[in-house]
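Coordinates in review
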Amino acid sequence: MAEAERLAKAVTELDKLLHEKARLAIATILFHVNKADFNTLRRLLKTSEGNLATHLYTLEEAGYLKVEKKFVGRKPQTLYKLTSKGRKAYQEYLLKLAEILQAGKDIHSKA
Amino acid sequence: MEAREIEERLELLEKLGGIIRRERRARGLIHAAWGAAILVGLLIFQAVELLSLPWYYGVASLVALLIAAMVATVFLARKIRGQLGYVGGGWLGRKIGAAWAATALGGGLAYMIVFWSPSVSQAVFSQLPPQAVSGLILTGWLIIDGIGCMVQGVISESKAFRWIGLAMLVSAILVAHVGFIFAYAAFALTFGLGYLLVGLRDYSEFKRSSEAGVEIG
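Notes on the structure follow. Since the model is a prediction, treat every value here as computed from it, not as a measurement. (Residues numbered from 1 in each chain as written. Chains lettered and ligands numbered in written order. Predicted model: local features only at pLDDT ≥ 70, side-chain atom pairs only at ≥ 80, totals over all residues. Heavy atoms only, no water.)

This paragraph deals with the side chain of B:S61. Residues and elements named next belong to chain B. Considering the arrangement of structural elements, one finds S61 in helix α3 (residues 55-84). Residue class for S61 comes out buried when judged on its relative accessible area of 16%. Among the polar contacts listed, one links the side chain of S61 to the backbone oxygen of Y57, at a separation of 2.9 Å. In this structure the side chain of S61 is engaged in a polar contact, spanning 3.0 Å, whose partner is the backbone oxygen of G58. (Helix = DSSP H or I, 4+ residues; strand = E, 2+ residues; numbered from the N terminus. Buried < 20%, exposed > 50% of the residue type's maximum accessible area, 1.4 Å probe, protein only. Polar contact = N/O pair within 3.5 Å; in protein donor to acceptor, adjacent residues only side chain to side chain.)

With that out of the way, let us pick up the nonpolar core. If you look at the biggest cluster of nonpolar residues, it comprises 49 residues, and the most contacted ones within it are A:L18, A:I26, A:I29, A:L30, A:L41, A:L45 and A:L56. If near-sequence neighbours (up to four positions away) are discounted, A:L18 is found in contact with A:R23, A:L24, A:A27, A:L59, A:Y64, A:A89, A:Y90 and A:Y93. In terms of nonpolar packing, the next biggest core, distinct from the first, is built from 37 residues, B:L62, B:Y111, B:F115 and B:Y184 among them. (Core = buried A, V, L, I, M, F, W, Y, C linked by side-chain atoms within 4.5 Å. Contact = heavy atoms within 4.5 Å.)

What follows deals with the sheet that holds strand β3 (residues 65-72) of chain A. Across a sheet, strands are paired by hydrogen bonds formed along the backbone, either parallel or antiparallel in direction. Residue and element names in this part refer to chain A. Overall, antiparallel pairing links the three strands, which are arranged β1-β4-β3 in an open sheet. Two strands in the sheet have a free side with no partner beyond their single neighbour: β1 (35-37) and β3. Across the sheet, the mean angle from the axis of one strand to that of its neighbour is 35°, orientation sign disregarded. Direction of pairing for β3 relative to strand β4 (residues 75-82): antiparallel, over a ladder of eight bridges. Directly across from K70, in β4, lies its bridge partner Q77. (Pairing = 2+ DSSP bridges. Axes fitted to C-alpha atoms, helices over the stretch in contact; angles between N-to-C directions.)

The next point concerns the interface of chain A and chain B. Facing the 32 residues of chain A at the interface are 27 residues of chain B. Each partner contributes to the roughly 2,700 Å² buried at the junction of chain A and chain B, and carbon and sulfur atoms together form 66% of this total. Summed over the shared surface of chain A and chain B, the number is one salt bridge. Note that A:R43 and B:E23 form a salt bridge whose closest N and O atoms lie 2.7 Å from each other. At the boundary of chain A with chain B, the tally comes to six residue pairs in polar contact (both at pLDDT 80 or more). Contributing elements (two or more residues each) for the side of chain A that touches chain B: α3 (21-33), β1, α4 (38-44), β2 (45-46) and α6 (84-110) of chain A. Counting residues per element, the side of chain A that touches chain B draws most heavily on α3(A), which supplies nine residues. Residue classes in the side of chain A that touches chain B are distributed as 17 nonpolar, eight polar and seven charged. Inspection of the sheet shows β2(A) paired to strand β1 (residues 214-215) of chain B by two bridges, in the parallel sense. Its bridge partner lying in β1(B), A:L45 is registered against B:V214. (Buried area = accessible area lost by both parts, 1.4 Å probe. Salt bridge = Lys/Arg side-chain N within 4 Å of Asp/Glu carboxyl O. Nonpolar A, V, L, I, M, F, W, Y, C, P; charged D, E, K, R; others polar.)

Before going further, it helps to spend a moment on the pairing of β4(A). Sheet analysis places β1(A) next to β4(A), joined by three bridges and oriented antiparallel. Bridged to A:K35 within β4(A) is A:K81.

Next up on the list: the packing of aromatic side chains. Residues and elements named next belong to chain B. According to the stated counting rule, one finds 13 aromatic pairs over all chains in the structure shown. Judged by centre distance (5.1 Å) and plane angle (80°), the ring pair of F115 and W116 falls under edge-to-face. An angle of 20° between the planes, with centres 4.5 Å apart, marks the rings of F191 and Y195 as stacked. In this pair, F191 and Y195 both sit in helix α8 (residues 183-208), four residues apart, roughly one turn of the helix. (Phe/Tyr/Trp six-rings, centres within 6.5 Å; stacked < 30°, edge-to-face > 60°.)

Moving on to the pattern of salt bridges. Between side chains of opposite charge, a pair can form when the charged atoms approach closely. Residue and element names in this part refer to chain B. All chains considered together, the criterion is met by twelve salt bridges over all chains. Between E7 and R4 there is a salt bridge; the shortest N-O distance is 3.1 Å. Of this pair, E7 and R4 both sit in helix α1 (residues 3-23), three residues apart, which is roughly one turn of the helix. The partly exposed category is assigned to R4, whose relative accessible area is 39%.

This part is about the environment of A:L7. All names here are of chain A. Along the chain, L7 turns up in helix α1 (residues 2-13). When the C-alpha atoms of L7 and D106 are compared, they prove to be 9.7 Å apart, with 99 residues separating the residues in sequence. The contacts of L7, once residues within four sequence positions are left out, are I100, A103, G104 and I107.

Bringing the packing of helix α2 (residues 28-50) of chain B against α8(B) into the picture now. Residue and element names in this part refer to chain B. It is the contact of α2 with α8, at a shortest axis distance of 7 Å, that shows an interaxial angle of 160°. The pairing of α2 with α8 is recorded here as roughly antiparallel in orientation. In the crossing of α2 with α8, the sense of the turn from one axis to the other is left-handed. Of the residues assigned to the contact of α2 with α8, the class counts are 20 nonpolar, six polar and two charged. (Parallel < 35°, antiparallel > 145°, perpendicular 65-115°, else oblique. Left-handed = near helix turned anticlockwise from the far one by under 90°.)

On to α3(B), then. Its 30 residues place the ends of α3(B) 43 Å apart at the C-alpha level, agreeing with the 44 Å of an ideal helix rising 1.5 Å per residue. For α3(B), the complete set of buried residues consists of B:G58, B:S61, B:L62, B:A69, B:L76, B:A77, B:I80 and B:L84. (Expected span 1.5 Å × (residues − 1).)

What follows is the structure, encoded as C-alpha cells:
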C-alpha cells in the first residue's frame, strides 16, 4: 500500500509543464547543450515552427528558459538557454520519474 | 497517468540523450588538435633534453604549438557550431570542466606549492641533476592529468579516456624507474597521442552517424 501511495504522490508531483513531450524534449536538449538556436531545436525535434515556438514561449513564460538575441555577422540569431530555475525543474522532473519507476517496480515485485 | 506515458518519456530522454552524445563526438576535432600539439611539442622537448640543446628550444616550440592549438580551437568550435548549431557545454561539459578544475588546477597547484616548499625542493635539487628535476615535475603532472583523464572517462562514460588516464599513471611509474628524463616522451605518447587518436576516432564516428532527430509530434 505504501508503494501505491508513493507512486500516486510522485505522479501528482510531476512537473506538468515539463511532462508535455515537446517541452520535455526542448529542456533535455538545452540541459545537454547549454545554448541552442531555433533551427537546431527544429533539426533535433521534428516538429513545425509554430509548435516549437509555442512551447518555447510557454517555457520562457514559466521562467524555465531565457532568450538571447545577437547578431552573427549581419544575421540575427536567437539562442535559447535554460535558466537555473529551468535546470533545477528538469533535474527534479528526472528524479520524480525515477521515483515513479522504482515505485512501479516495487508494486510489481510484490504482486 | 498511464504507464505508457512514462515509457514514452523515458524513450524520448534516451533517444535525445543518445543523439546528443553522438553529436558531441564532433568535439573530437578539438581534442585531436590539442593532442597533436602536445604530442609534437613534448617530443621536440624530449629531443632537446636528450641532445642537451638549450632548454628554450623546447619551451619555444611547445608554447608555439599550444598557441596554435588554442587558435585552432576557436576555428574548430566555429566549424562545429556551424554544423550542429551548438558546440558543447551543458550538464556534461560543466561536470567535466569542474572535474578538470579540481584535479589539474586544485591538485596541480597544491602539488607545485608542496614541490617548491624549501625542504622538498632542497632535497630534490641535492639528489637529482637539473635535467632530471624538470622530468620529475612533469612526472607529477603525468599523475595529476592521468587522474583527470580517468575522471573525464568516468563522467563521460568513455572507455578511451579511462585508458589514456591509466596509461599515464603506468607511464609515470615506468618513468620513475627508468629515468625522469623520459617524462616528456611518456607525456607525449600517452596524453598527446591518446587525445589525437581518440579525437580523430570520435570525429570520424560523428561524420558517419546520420540520425537527424526525434519525432515529437
